[in-house]
Amino acid sequence: MATTVHTLRDSVQDQLAELKDDLLCGFHILEQAGQGTGIAGHLTARLPGRETFWTNRWALGFDETTARDLIETDFELKTVTGDGRCDPTLHIHTQIYRVRPDVNCIVHTHASNVVALGITGETLRLSTQTGCYYHDDVAVFDEFDGIVLDTAEGDAIAGALGRKHAVLLKHHGMLTVGPKIRNAVIGALVVDYAAGVQLKAMAAGRCDELSEEAALQAKGFLTAESTMDQRWAYQKRRAKKRRPDIFGTA
């Protein structure tokens, strides 16, 4: 029995160590992609089934975040592990975690391409192969334009998201979710890229879309576990190479 308990404890610790490494990389991947906007924007992640999540200390930019800045907080936004408090607008996240047990990571950024696309009233079209990652998987929320400071607005955004994995927040930005950190972070990169291409095509006066068959084929390839493994490994290598002051040297 003692051996079993010890093994389970080691397994949880290994999962937590992986989560914190991926989370820290996620902050810097998003920053390097131009999605860090001062102290705005959020990235959170939890171990499956937990009613706590990990994020960075409030008032830090993505680029400033180090391993010692990661904290664990509960769904009332009270710090459980670490020093400092979390962003007071994180009820966007808590309310999604409450109703989506399949979601273990949430990204919210104010990527400029996404904000601009949302202002036009458009949603993401199937105009790029890359964007097919989110084929039939993007919602739009345009019911509230203020700062989310309580659970009511968080509930509304969670309701708009439904079972999908991305939502465009009109005048605000986007939110992506996933079962793992890699899904939500790569998803945020995808949405911003696809939104940027779509805006350029719209400005040129034409925005053709892929066929349903082509879109489904592209989505199957892009979301396959092997593809995701490779894309995430690349993004992590790139982030760590660019910030040896945060991650050390290989």
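See above for the structure.
These lines cover the structure that appears in this document, whether it is placed above or below.

Parameters at a glance
Residues numbered from 1 in each chain as written. Predicted model: local features only at pLDDT ≥ 70, side-chain atom pairs only at ≥ 80, totals over all residues. Heavy atoms only, no water. Helix = DSSP H or I, 4+ residues; strand = E, 2+ residues; numbered from the N terminus. Rg over C-alpha atoms; globule rule 2.2 N^0.38 Å. Buried < 20%, exposed > 50% of the residue type's maximum accessible area, 1.4 Å probe, protein only. Contact = heavy atoms within 4.5 Å. Areas by Shrake-Rupley, 256 points an atom, 1.4 Å probe, with all protein chains shown as cover. Lys, Arg positive; Asp, Glu negative; His and termini not counted. Charge placed at Lys NZ, Arg CZ, Asp CG, Glu CD. Phe/Tyr/Trp six-rings, centres within 6.5 Å; stacked < 30°, edge-to-face > 60°.

Considering the overall build of the protein chain
- A tally of helices and strands in the protein chain yields eight helices and eight strands.
- For 250 residues, the compact-globule formula gives about 18 Å, and the C-alpha radius of gyration of the protein chain, at 18 Å, lands near that figure.
- When the backbone C-alpha atoms are referred to their principal axes, the protein chain occupies close to 65 × 40 × 35 Å.
- Counting the 250 residues in the protein chain, one finds 46% classified as buried.
- For the protein chain, contacts bridging at least 24 residues in sequence account for 70% of all contacts bridging at least 6.
- Total accessible area on the protein chain stands at roughly 12,100 Å², and carbon and sulfur atoms take up 52% of it.
- For the protein chain, the distance from the average site of its 27 positive side-chain charges to the average site of its 33 negative ones is 5 Å.

Some remarks on the environment of Ala-203
- Along the chain, Ala-203 falls in helix H5 (residues 181–204).
- Separated by 41 residues in sequence, Ala-203 and Gly-162 place their C-alpha atoms 31 Å apart.

Some points on the packing of aromatic side chains
- Throughout the structure, instances matching the rule amount to five aromatic pairs.
- Aromatic side chains Tyr-133 and Tyr-134 sit 4.9 Å apart centroid to centroid with 75° between the ring planes, which places their arrangement in the edge-to-face category. We note that Tyr-133, like Tyr-134, is buried.
- Among the aromatic residues, those joined into a ring-pair cluster are Phe-53, Phe-75 and Tyr-97.

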